[in-house]
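# Descriptive structure summary
Here is what each chain is made of, one letter per residue.
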Amino acid sequence: MTVSYGRYKKYHPWLYQPRHPILWWIKKWAYVRFILRETTSLAVMFYAVVLVLYVNAVSKGPEAFAAFSEWLASPLSISLHSVAFLFAVFHSYTWFNLAPKAMVVRVGTKKVPESVILGANYAMWAGVSIVLFWILTTI
Amino acid sequence: MVKRSNEPFWWALFGAGGVVAALTVPVLLLLTGLAFPLGWLPAPGYEALNELFSHLLVRLAILVIVSLSAFHWAHRFRFTLYDGLQIKHLNAPVAFLCYGSAVAFTVLAAVSLYTF
């Protein structure tokens, strides 16, 4: 006799499959924050594309760079960059604040306090920002 | 034999991208996307940028930033789709699409930056 297992799948996802509405996260600020945090990855990706296009425009010559600079100054680009900037800062903020929880550093047997790691993260952020700012404003 | 999971590999790229993006994206985006186009600060001209990007190390640094950022996006976006849209049954195609995009973007960026 053969036994039918139905639509057998690993972990039996069909046994109990409650459906939530797509906007399940909208009712609670903590969930909205979570979705906003995950959304920051879109801003990061957006800027990665812009940065490649920026270098590409320079490599194509002065006209291409002028055209790209003009696009950068367009209302659409300014709007996109404004929103992306807020998300990028939110990404940095949430990332650095989570870091001490995700990565526990020990010196000998002592745990390095969270505030020290947090401070080091923010100091590094400031340092990198200052160096990049200096490079791009002095060349 | 248990099939070894490749999740740690993607997670490592996600983590590295998270750090790199957190450190570099806000300042770069603020300068090239807002401060320069809006005239808050004098924008570097074509000659200066051409000189800056002519250094291979600078382009390599840019490639590291954009590629790791893409893998960071891929991992986060994958799980946002997974949890947000409740498409757990599409796990494999979604993962393929997200990581595949990051790989494709990295290749395009590498070619574009190499042939500067």
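Residues numbered from 1 in each chain as written. Chains lettered and ligands numbered in written order. Predicted model: local features only at pLDDT ≥ 70, side-chain atom pairs only at ≥ 80, totals over all residues.

## Structural notes on the overall build of chain B
Helix and strand counts for chain B come out as four helices and zero strands. Taking 116 residues into account, the globule formula puts the C-alpha radius of gyration at 13 Å, and chain B, at 18 Å, lies well above it. For chain B, the spread of C-alpha atoms along the principal axes amounts to about 55 × 30 × 20 Å. Per-residue burial over chain B gives 35% buried out of 116 residues. (Helix = DSSP H or I, 4+ residues; strand = E, 2+ residues; numbered from the N terminus. Rg over C-alpha atoms; globule rule 2.2 N^0.38 Å. Buried ≥ 20, exposed ≤ 12 C-beta atoms within 10 Å, placed from the backbone.)

## Focus: the overall build of chain A
Along its length, chain A carries four helices and two strands. If you list the helices and strands of chain A from N to C, you get α-α-α-β-β-α. When burial is assessed residue by residue, chain A has 20% of its 139 residues classed as buried. Within chain A, contacts between residues separated by at least 24 positions form 48% of all contacts whose residues are at least 6 apart in sequence. (Contact = placed C-beta atoms within 7 Å.)

## Looking at the packing of helix H3 (residues 56-84) of chain B against helix H4 (residues 91-114) of chain B
All names here are of chain B. Contact pair H3 / H4: the axes reach a minimum separation of 9 Å and the direction vectors enclose 165°. Relative to H4, H3 is oriented roughly antiparallel. For H3 against H4, the interelement crossing comes out right-handed. (Axes fitted to C-alpha atoms, helices over the stretch in contact; angles between N-to-C directions. Parallel < 35°, antiparallel > 145°, perpendicular 65-115°, else oblique. Left-handed = near helix turned anticlockwise from the far one by under 90°.)

## Remarks on the confidence of the model for chain A
A residue-level look at chain A finds 87% of positions with pLDDT of 70 or above and a mean pLDDT of 88. When pLDDT is averaged over each element of chain A, helix H2 (residues 62-72) of chain A comes out on top at 97 and strand S1 (residues 106-107) of chain A at the bottom at 84. (pLDDT = per-residue confidence, 0-100.)

## Some details on the packing of helix H3 (residues 75-102) of chain A against helix H4 (residues 114-138) of chain A
All names here are of chain A. Two numbers describe how H3 lies on H4: the axes approach to 8 Å, and their chain directions differ by 145°. Regarding H3 and H4, the two cross each other, and that crossing is right-handed. Mapping the contact onto sequence places Ser92, Phe96, Asn97, Ala99 and Pro100 in H3 and Glu114, Ile117, Leu118, Asn121, Tyr122 and Trp125 in H4. When the residues that make up the contact of H3 with H4 are grouped by side-chain class, the tally is seven nonpolar, three polar and one charged. (Nonpolar A, V, L, I, M, F, W, Y, C, P; charged D, E, K, R; others polar.)

## Description of the interface of chain A and chain B
Listed per partner, the contact involves 45 residues of chain A and 43 residues of chain B. Looking at the side of chain A that touches chain B, the elements with two or more residues in it are helix H1 (29-60), H2, H3 and H4 of chain A. Per-element accounting of the side of chain A that touches chain B gives the leading share, 16 residues, to H1(A). Residue classes in the side of chain A that touches chain B are distributed as 32 nonpolar, eleven polar and two charged.

## Remarks on the domain arrangement of chain A
Segmentation of chain A into domains returns domain 1 (25-91) and domain 2 (103-139). Computed from C-alpha atoms alone, the centre-to-centre distance between domain 1 of chain A and domain 2 of chain A is 24 Å. (Domains from an automatic or database assignment.)

## Observations concerning the nonpolar core
A:Val44, A:Tyr47, A:Ala48, A:Leu51, A:Ala88, B:Val66 and B:Ala70 are the most contacted members of the largest nonpolar core, which has 46 residues in total. Elements with a contribution of two residues or more to this core: H1 and H3 of chain A together with helix H1 (7-35), H3 and H4 of chain B. Take this core: its biggest share by element is 13 residues, from H1(A). (Core = buried A, V, L, I, M, F, W, Y, C linked by C-beta atoms within 7 Å.)

## Here's the deal with the confidence of the model for chain B
Residues and elements named next belong to chain B. The pLDDT averaged across chain B works out to 93; a share of 98% of its residues lies at or above 70. No element of chain B has a lower mean pLDDT than H3, which averages 94, and none a higher one than helix H2 (residues 46-53), which averages 97. We note a pTM of 0.88 for the whole complex and an ipTM of 0.94 for its interfaces.

## A look at the environment of A:Leu72
Note that A:Leu72 resides in helix H2. Distance in space between the C-alpha atoms of A:Leu72 and A:Val50 is 9.4 Å, their sequence separation being 22 residues.

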